[in-house]
Amino acid sequence: MSASSLGATRLQLDDDMESDPRDHYGSVETRDLFVTVDDPKKHVSTMETYITYRVSTKTTRIEFDLPEYSVRRRYQDFDWLRIKLEDSQPTHLIPPLPEKFVMKGVVDRFSEEFVETRMKALDKFLKRVADHPVLSFNPHLNAFLSAKDLNKRQGLALLTKVGESVKQVAGGYKLRARPAEFYAMGEYLDTFSLKLGTIDRIAQRILKEQSEYLAELRDYGAVYSSWTGLEEELQRPLEGVASSISTCCRAMDDLCENMGQDFLPVLREYMLYIESMKNVLKKRDQSQAEYEGRLEAAVLRRQEDRTHMPPEVERCQDKVECFNADLKADWERWQSNKRQDFKQLLGGTADKNISYYEKCQEAWESLVSVLQDKQTEDQTSETD
C-alpha cells in the first residue's frame, strides 16, 4: 500500500463498488456465524431501569456447543465485550459502540426512537465483530453469544502476550518516525474527521430547521381545515389545500425520520471509528518505540561486551511486524466497509429526498385539479 493511495482521493466514493464481491458483513457463502440484535425490552426494578436486547446466534462452528442461541443482553454487556476484545486483540480495529451516555432532559433514553436507534447500532457492532476473520473467534465473543449469565468480573485470562507488551511503558523512548503508510493513515483520519464533523453539525441544523418547519406546517394546515366550516362556497378548495398540506407533513416527517435514525447515526459511528483507529495506531507506535528502544540498548551492550542480540529484541520485532500486518488488513477492511456504507447512505438519502418532493408535487397538482373543477362548476352555474 503506497502512501499516496491513502491520500485525500480516498475520501471520494469508488465507482467500482459493484465489482467488490463482499457485502457489508462478508459473503454469505463463506460465513458460518450469524448474529442478530432485536426485541428490546424495558426492565424496571427498585434499583434501576434498563433495556435489554435479544441476541440470536446461528452457527456451525465447532467452538460452540449448540447450533443456535438466544440470550438477552443490556448495553453494559456489549461494552464489556468491546473492552475484552480491545484488551485481548490490541493489534486489531474493534468496531465502535454507540455512545453510552446521553444528556438528561435532552434525549429520553427509554423513548421508542432512541431504543430503536441504539438497537440498530448494537446489531451493526455485533455483525461487524462476527464477520471479522480474527475477532469472530475470540472466546469472549463466544461467551457473550452463548452464556446465560456473563461473569464480567473475571480477570483478563485471555490477554495475549502482544497485549501485555503493548501496555508496557516503552522506557521513555521517543518513536523516531512512523513508516510512511501509517503516517498517511493518520493524515487521512484527521482529514476525514474534519469533514464528518462539518457534515454532522450542518445535518443537525438542517434536521432542527426541518422539525420546526414541520410543526409550523401542521399548524398551517389546521387553519385551512377549520376554515372549511365557515365558507361553504370554498369548502372543496380549502379541503384540498388542507389535504395537500397534510400530505406534505407526512412526507417531511419521513424525511426527518431518515435524517435522525439513518443518516446521523452513520456519521457518528464513523466518527467513533476514527477514534478507534487512532487508538490502534497509537498502540502500534508504542510497540515500535519499545522495539527501537530495546534494539538501541542491545546494540550499545553488544559494542561493549560483544554479546549476541538478545531474544527479546527479536520478539519485539515480531510483535511490530504482527501489529503492522493486522493493522493494514483491518484498514483495508474498514475502507471497504466505509465505501459500502456511504454509498448506501448517500443513495438512500437521495431517494428519500426525491420521494419527498414527488409526494409534495403530486399533492399540489391534485389541488390544481380540484380548483379547475371548481372553476368549471362556477362557470356552468353562472351560465345557467
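Owing to the predicted nature of the structure, the values given are computational and were not obtained by experimental measurement.

Draft legend 1. View of the overall build of the chain. Across its full length, the chain holds 7 helices and 3 strands. Going residue by residue from the N terminus, the α and β elements of the chain occur as β-β-β-α-α-α-α-α-α-α. Expressed as a percentage of its 384 residues, the buried residues of the chain come to 41%. Intrachain contacts of the chain at a sequence separation of at least 6 include 77% that bridge at least 24 residues. Roughly 22300 Å² of accessible area belongs to the chain as shown, and the carbon and sulfur atoms make up 52% of that amount.

Draft legend 2. Here's a closer look at the pairing of strand S2 (residues 49–59). Sheet topology note: the strand S1 (residues 33–44)/S2 ladder contains 10 bridges and is antiparallel. Within the sheet, the bridge partner assigned to valine 35 lies in S2 and is threonine 57. Once S1 ends, the chain turns through 4 residues before running back antiparallel as S2.

Draft legend 3. Just unusual backbone geometry, in detail. Non-glycine residue aspartate 39 carries a positive phi angle of around 50°. With respect to the helices and strands, aspartate 39 occurs in strand S1.

Draft legend 4. Spotlight on empty space enclosed by the protein. Across all of its chains, the model carries 3 cavities of 30 Å³ or more by this definition. Lining the largest cavity we find Leu93, Pro95, Arg128, Asp131, His132, Tyr273, Asp330, Arg333, Trp334 and Asn337. If one sorts the elements of the lining of the largest cavity by residue count, helix H7 (residues 311–383) sits on top with 4 residues. Its residues assigned to classes, the lining of the largest cavity comprises 4 nonpolar, 2 polar and 4 charged.

Analysis parameters
Residues numbered from 1 in each chain as written. Predicted model: local features only at pLDDT ≥ 70, side-chain atom pairs only at ≥ 80, totals over all residues. Heavy atoms only, no water. Helix = DSSP H or I, 4+ residues; strand = E, 2+ residues; numbered from the N terminus. Buried < 20%, exposed > 50% of the residue type's maximum accessible area, 1.4 Å probe, protein only. Contact = heavy atoms within 4.5 Å. Areas by Shrake-Rupley, 256 points an atom, 1.4 Å probe, with all protein chains shown as cover. Pairing = 2+ DSSP bridges. 1 Å grid on protein atoms, 1.4 Å probe; cavity = no way out; pocket = protein on both sides within 12 Å on 5 of 7 lines; lining within 4 Å. Points joined across faces, edges and corners; volume = space filled by probe spheres on them. Nonpolar A, V, L, I, M, F, W, Y, C, P; charged D, E, K, R; others polar.

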